[in-house]
Structure formats: structure tokens, C-alpha cells
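# Structure assessment
This is what each chain is made of:
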Amino acid sequence: MSSTPAARDIDTSRPHSARMYDYYLGGKDHFDIDKQAAEKVAEAFPAIFVCAGENRAFMHRATRVLAREHGIRQWLDIGTGIPTEPNVHQVAQSVVPQARVVYADNDPLVLKYAERLMRSTPEGRTAYIQADFTDPDAILTAPELHEALDLTQPVALSLNALLHFIPDDLDPYGIVGRLMEALPAGSALALSHCTPDFAPEVWETLVGIYAAGGTRAQVRSRAEVARFFDGLELLDPGIAVGHRWRPDGRPAGSAEPTDVDVSLWTGVGIKR
């Protein structure tokens, strides 16, 4: 896959949320303008690094739970972001080597690094679609999706740290509904979403920082996040702060973060 068109399309004149997230995770795939914006966020909310790390840890746990306990063998991960190992397919295939994962993102920089997302086990399969969450039909009709996934069998729709960048006027609830409608019974929705519930003034500031850089954001309350799961059967413990969703132990010497530090609502629901 050639990275030349993607590299040509990368906008380095303003910060990008995926590259800022890469900075929070300690990655190297960002530019000075992303670092500057991310450091403004960190100045207002020093726990942003904890928040990003706990978001990633939730994705790992949710993926393992769906693979081990619910028979999921296929994933559609939208808003993939810059690859950070282990990626969804690496987590899923560590449990189920034959797992299949399709990634979708609209950022040309993600396309540049997409080969990292294509290193599947021999038994499994991965694919990448350059597409936008706000155009679900483009995702659902993409040949790459149908070559990799069997939509007559359950699929986990993975939306990690994406929906807070989709304001209400873009109809995020309708888009999630459209995507889940296309998936069969037994499919799942796993998502994480930043919330102002524990520190409203701080998150008002952070939304303003993102807006100043050209990225619209809308953080949501617990009740607003729960709406994404309407019609689905939530797995225990329901809608929970990220580090409280099925915790599997912390590294020795690692302190338990506070709800304020994490500021993420997370959940996993099954379509019956």
C-alpha cells in the first residue's frame, strides 16, 4: 500500500485529535503543532495521560471478554487512530487466532501506517478502509469490509474514544443505530466516551482547546452515553467509568486512578 498520497494529504497546519492521542500515549507519530495543543490540554487536565491509558486498557479488556465469553470472532473498529500496539486484532487474535478485524478511519496519517494494522495471524484476517464514521453506508458497502467479514455472523462494533468528536448535529445516535442495524443478532457494541460528569469546568476548557485547533467535540453525561446502547443488552457492570469496567488487576505499585482522572464512560452491549 503506497503511503505517498496519504503523506501528501496530511494537514500539519493544525492539531489533529488522533495525533494528540498518540502524544498522550507516549507515541512518536505526531507533529509539533499536535504536541503544543496536547500540552495545553495537559496543563488544564494533567490526568489526560491517565485517561488515555485507561481508555486503551478498556479496549483490551472489552475485546478479550467478547472473544472469550461471547464467541465474537469479527470486529469492525471505527475511528481506529494511529496504530498503537497491541491493536484490536492483536488482542483478539491472542485469544482467538482466527479473529478477523476491519479498521476504518478518515485520517490520512492512519492510512500511512495502515501496514501496522495488516499484520494478522495466518488463521485470521485484517483489512483497512479509509472512510468517515459520519458516512456509515460508505463503510458498510466497502468491498474491503465484505472481503474480510461475514455480516451474517456476529460482529463487534468498536468505537473507542470516537463519539465525543461527533456532535449531536451530526446524528451520532442515528449513525450507531444504522451500523448496529446492519449487524446480526449476537453482535456487540463496545465504546468509550469522555464525560464532563466529574469535572465539568475542566472539560469545558478542554472542548474549547480542541475547538480552537479546528476539532469539534461534545463530551456527554452518563445518561447520554447510555442512549447509544438503546435496544441492546448491557453486559455487567453496565455503563461504568473506564477503570471500573471488568478490572483485571493493576500492575504492582500502580495506584488506582480516581473517577475524575479517568473521566470516561464505557460499556459493552449485545444485540439480541
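Here, the structure is the one placed above.
First, a word on what this report is: a plain description of the structure on this page.

Our next topic: the overall build of the chain. Check the secondary structure of the chain and you find twelve helices and eight strands. Relative to its length of 272 residues, the chain is compact, with a C-alpha radius of gyration of 17 Å against a globular reference of 19 Å. Taken along its principal axes, the extent of the C-alpha atoms in the chain is 45 × 45 × 40 Å. When the 272 residues of the chain are sorted by exposure, 52% land in the buried category. Partitioning the intrachain contacts of the chain with sequence separation of at least 6 by distance along the chain shows that 74% fall at a separation of at least 24. Looking at the chain as shown, the accessible area adds up to about 11700 Å², and 50% of this sits on carbon and sulfur atoms. For the chain, the separation between the mean place of its 26 positive charges and that of its 37 negative charges on side chains is 4 Å.

Now for the packing of aromatic side chains. Scanning the model with the defined rule gives seven aromatic pairs in all. What links up through ring pairs into an aromatic cluster is the set Tyr23, Tyr24 and Phe49. A cation sits over an aromatic face here: Arg227 above Tyr173, 3.7 Å from the ring centre. Taking the ring centre of Trp245 as reference, the NZ or CZ of Arg246 above it sits at 5.2 Å.

In this section: the nonpolar core. In this structure, Tyr24, Leu76, Ile78, Phe133, Leu157, Leu159 and Leu189 are the most contacted members of the largest nonpolar core, which totals 56 residues. Among the elements that make up this core, the one with the highest residue count is helix 9 (residues 172-181) (five residues). Those residues within four positions of Ile78 in sequence are excluded, and the remaining contacts are Ala104, Phe133, Ile139, Leu157, Ser158, Leu159, Leu162 and Leu179. Counting 31 residues, the second largest nonpolar core, distinct from the first, contains Ile82, Ala92, Leu117 and Ala240.

Where burial is concerned, most of helix 2 (residues 17-24) is hidden: seven out of the eight residues are buried. When we look at burial in helix 2, the residues that qualify are Ser17, Ala18, Arg19, Met20, Asp22, Tyr23 and Tyr24. Turning to helix 2, the residues buried within the fold contact helix 3 (32-44), helix 4 (48-69), helix 6 (108-112) and helix 10 (200-212). After helix 2 finishes, the residue Gly26 shows a positive phi value of roughly 85 degrees.

The subject of this paragraph is the side chain of His30. Summarising the element assignment, His30 is placed in the loop between helix 2 and helix 3. Engagement of the side chain of His30 in a polar contact is seen with the side chain of Asp22, the distance being 2.9 Å. In this structure His30 touches Arg19, Asp22, Tyr23 and Lys35, once residues within four positions along its chain are discounted.

The rules behind each value
- Per chain, residues are indexed from 1 in the order of the written sequence.
- Totals for whole chains, interfaces and linings use all residues, but because this is a predicted model, local features are given only for residues with pLDDT of at least 70 and pairs of side-chain atoms are given and counted only at 80 or more.
- The basis for every side-chain value is the complete set of heavy atoms in the structure, and neither hydrogens nor water enter the calculation.
- Numbered from the N terminus, helices here are DSSP runs of H or I no shorter than four residues, and strands are runs of E no shorter than two.
- With C-alpha atoms as the basis for the radius of gyration, the globule rule is written as 2.2 Å multiplied by the number of residues raised to the power 0.38.
- Relative accessibility thresholds used throughout: buried, under 20% of the residue-type maximum; exposed, over 50%; partly exposed, between the two (1.4 Å probe, protein chains only).
- Residue contacts follow a heavy-atom distance rule, with two residues in contact if any of their heavy atoms lie within 4.5 Å.
- To measure how exposed things are, a 1.4 Å probe is used in the Shrake-Rupley method; for residues, cover is taken only from the protein chains shown.
- Neither His nor the chain ends contribute to the count of charged residues, in which Lys and Arg are positive and Asp and Glu negative.
- To locate a charge, the coordinates of NZ of Lys, CZ of Arg, CG of Asp or CD of Glu are taken.
- When two rings of Phe, Tyr or Trp (its six-membered ring) have centres within 6.5 Å they constitute a pair, described as stacked for plane angles under 30 degrees, edge-to-face for angles over 60, and tilted for the intermediate range.
- Charge over a ring is defined by NZ of Lys or CZ of Arg lying within 6 Å of the ring centre and within 35 degrees of the ring normal.
- Take the buried Ala, Val, Leu, Ile, Met, Phe, Trp, Tyr and Cys residues and link them wherever side-chain atoms come within 4.5 Å; each set so joined is a nonpolar core.
- In protein, a polar contact means a hydrogen-donor-capable atom and an acceptor-capable atom, both N or O and within 3.5 Å, with residues adjacent in sequence counting only if both atoms are side-chain atoms; elsewhere, any N or O pair within 3.5 Å suffices.

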